[in-house]
Amino acid sequence: MRGDASLGEARSVEVALGERSYPIRIGVGTLARAGPELALRTGAKRAVIVSEPTIARRYGATLERSLRSAGLTVGRALVPSGEKSKSLREAGKLYEALIGFGADRSTAVVALGGGKVGDLAGFVAATYLRGVPFVQVPTTLLAMVDSSVGGKVAVNLPQGKNLAGAFHQPRLVWIDAATLSSLDPRERAAGMAEIVKAGAILDAGFFACLERDVERALALDPDALVPILERACAIKAEVVEQDEREMGLRMLLNFGHTLGHAVETLKRYRGILHGEAVAMGMAYAARRSEELGLAPAQTATRLVELLGRCRLPTHLPPFPRNAYLAALRVDKKRRDAHVRFVVLRGLGRAETMPLTPEEILPVGAMATAARGTSRSRRSRDGR
Ligand SMILES: NC(=O)c1ccc[n+]([C@@H]2O[C@H](COP(=O)([O-])OP(=O)(O)OC[C@H]3O[C@@H](n4cnc5c(N)ncnc54)[C@H](O)[C@@H]3O)[C@@H](O)[C@H]2O)c1
Ligand SMILES: [Zn+2]
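All of these numbers come straight from a predicted model, not from anything done at the bench.

Asker: So what exactly am I meant to see when it comes to the sheet that holds strand 3 (residues 46-51) here?
Answerer: Within a sheet, adjacent strands bond to each other through the backbone by hydrogen bonds, running parallel or antiparallel. Reading across the sheet, the seven strands line up as 1-2-9-6-5-3-4 and stay open at both edges, with mixed pairing between neighbours. Bordering the open sheet on either side are strand 1 (11-15) and strand 4 (73-78), each of which pairs with just one other strand. Put simply, the sheet's adjacent strands are angled 20° from each other on average, direction ignored. Seen against the sheet, helix 1 (residues 34-42) touches strand 2 (22-27), strand 5 (108-113), strand 6 (134-138) and strand 9 (172-176) and runs at an angle of roughly 170° to strand 9. Those strands touched by helix 8 (residues 222-242) are strand 1, strand 2 and strand 9, and its axis lies near 5° from that of strand 1.

Structure, rendered in structure tokens:
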């Protein structure tokens with residue numbers, strides 16, 4: 001991907017949350033220019049960049065230089081790669097690093113990395129001295145359009161994911177799409193699943209735009225990618241603006257996640273990326289929406305086809321129905337005996353529907369859902 005700052009005309013999305021409002025800046029090769037706005041938005045004189053070793057090696061120096069030239073004193077704190085380090089233990093080490101750096105209430109915490117780093121650094125920023133300014137510099141596609149926008153920060157506990165967390169909005173989200181050039185294509189596709197989700201639940205026009213441009217975006221053609229990043233961030237921003245604390249509308253973002261989480265649980269988070277599990281869950285939920293007479297024909301077909309073009313899986317792994325039902329029963333979105341299942345009314349239109357696990361997965365549904373990739377490939381090629 002072109003990394004020349006002059007080629008990437010920066011775009012901007014505003015997240016309007018009253019005095020907690022902040023901009024998302026989107027460009028290509030813009031990492032070296034983050035300093036002045038970061039200093040302005042945080043009012044900080046000092047900043048600590050939190051990152052992982054591999055990401056810091058690639059992008060740390062550029063960001064650090066930019067912050068220094070904007071007059072900031074900069075420290076670095078590295079956390080080991082892998083979801084395991086999104087823990088209280090690593091948070092504890094980060095508090096120590098901040099104290100060692102002499103960080104005070106006006107010291108900014110800057111997350112440079114994917115959603116793991118962003119959630120962990122954000123959790124620390126939310127709690128250190130009861131909250132310090134926080135900036136997200138996301139380097140995965142998922143983090144750019146999903147986890148870095150909206151202010152949800154968390155660490156995992158041994159009992160489950162994201163069990164200790166807070167809402168802590170960043171002061172700035174700085175997206176340099178050129179950082180995606182080093183990201184594994186499988187991780188890119190997984191991030192694209194959340195972008196497809198945004199179109200599927202809220203924006204039919206955007207969904208059609210993805211149908212036109214998705215391969216070019218995944219190949220990091222800026223002309224296709226930057227507008228897609230912008231639209232996806234704008235959708236997430238709109239949802240967060242209307243429902244910052246996840247009481248209603250934000251629930252729609254769980255489209256594909258009920259069964260996606262079940263798949264992740266049943267696979268013990270091994271060998272599957274979150275976006276891949278969500279793709280399976282979305283394909284299932286779209287088919288189920290059609291079966292329930294809620295969505296018109298072709299809804300699931302178009303969604304499955306688009307996910308397939310991203311090389312994302314669209315069938316549930318063949319665990320027994322009972323295993324799925326058990327996993328759905330512990331889903332945290334459950335109210336009484338019901339799960340707030342997100343269904344489609346069509347592409348770009350979603351709503352939640354209280355369904356029991358048995359209604360989500362009626363007898364016989366598994367047979368279709370897990371029919372395997374051979375069928376999906378055939379149906380894809382057959383058209
Ligand atoms: N806060 C939220 O609203 C929210 C929403 C969705 C997901 N999440 C969280 O986000 C996390 C997942 O985020 P993710 O998918 O970004 O995963 P991640 O942060 O684990 O990154 C995925 C992998 O890509 C590597 N990587 C990151 N940027 C890179 C780059 N530019 N080049 C090369 N390698 C790079 C990382 O080292 C890691 O191995 C989970 O912890 C999840 O719970 C949070
Ligand atoms: Zn997700």
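Asker: How should I be thinking about the domain arrangement of the chain in this particular structure?
Answerer: By a widespread convention, an interface's size corresponds to the accessible area lost as its parts come together. According to the domain assignment, the chain contains domain 1 (11-183) and domain 2 (189-381). Linking domain 1 to domain 2 there are two salt bridges. Here K236 and D146 are joined by a salt bridge, their closest N and O atoms 2.9 Å apart. Here domain 1 and domain 2 share five residue pairs in polar contact (both at pLDDT 80 or more) between them. Looking at the side of domain 1 that touches domain 2, the elements with two or more residues in it are strand 1, strand 2, helix 5 (141-147) and strand 8 (160-167). Grouping the constituent residues of the side of domain 1 that touches domain 2 by class yields 16 nonpolar, four polar and six charged.

Asker: What is the right way to look at the site of ligand 1 in this model?
Answerer: With respect to spatial proximity, 22 residues lie near ligand 1, and among them E52, G115, T139, T140 and S182 are the closest. The backbone of G115 places a nitrogen or oxygen atom 2.7 Å from an oxygen atom of ligand 1. Contact between ligand 1 and D119: a nitrogen atom at 3.0 Å from a side-chain N or O atom of the residue. When the free accessible area of ligand 1 is taken as 860 Å², the share hidden by the protein chains comes to 82%. Going through the elements one at a time, helix 2 (53-69), helix 4 (115-127), helix 5 and strand 8 are the ones with two or more residues in the shell around ligand 1. Of the residues in the shell around ligand 1, the class split is four nonpolar, eight polar and 10 charged.

Cut-off values and rules
- Residues numbered from 1 in each chain as written.
- Chains lettered and ligands numbered in written order.
- Predicted model: local features only at pLDDT ≥ 70, side-chain atom pairs only at ≥ 80, totals over all residues.
- Heavy atoms only, no water.
- Pairing = 2+ DSSP bridges.
- Helix = DSSP H or I, 4+ residues; strand = E, 2+ residues; numbered from the N terminus.
- Axes fitted to C-alpha atoms, helices over the stretch in contact; angles between N-to-C directions.
- Contact = heavy atoms within 4.5 Å.
- Domains from an automatic or database assignment.
- Salt bridge = Lys/Arg side-chain N within 4 Å of Asp/Glu carboxyl O.
- Polar contact = N/O pair within 3.5 Å; in protein donor to acceptor, adjacent residues only side chain to side chain.
- Nonpolar A, V, L, I, M, F, W, Y, C, P; charged D, E, K, R; others polar.
- Near = heavy atom within 4 Å.
- Areas by Shrake-Rupley, 256 points an atom, 1.4 Å probe, with all protein chains shown as cover.

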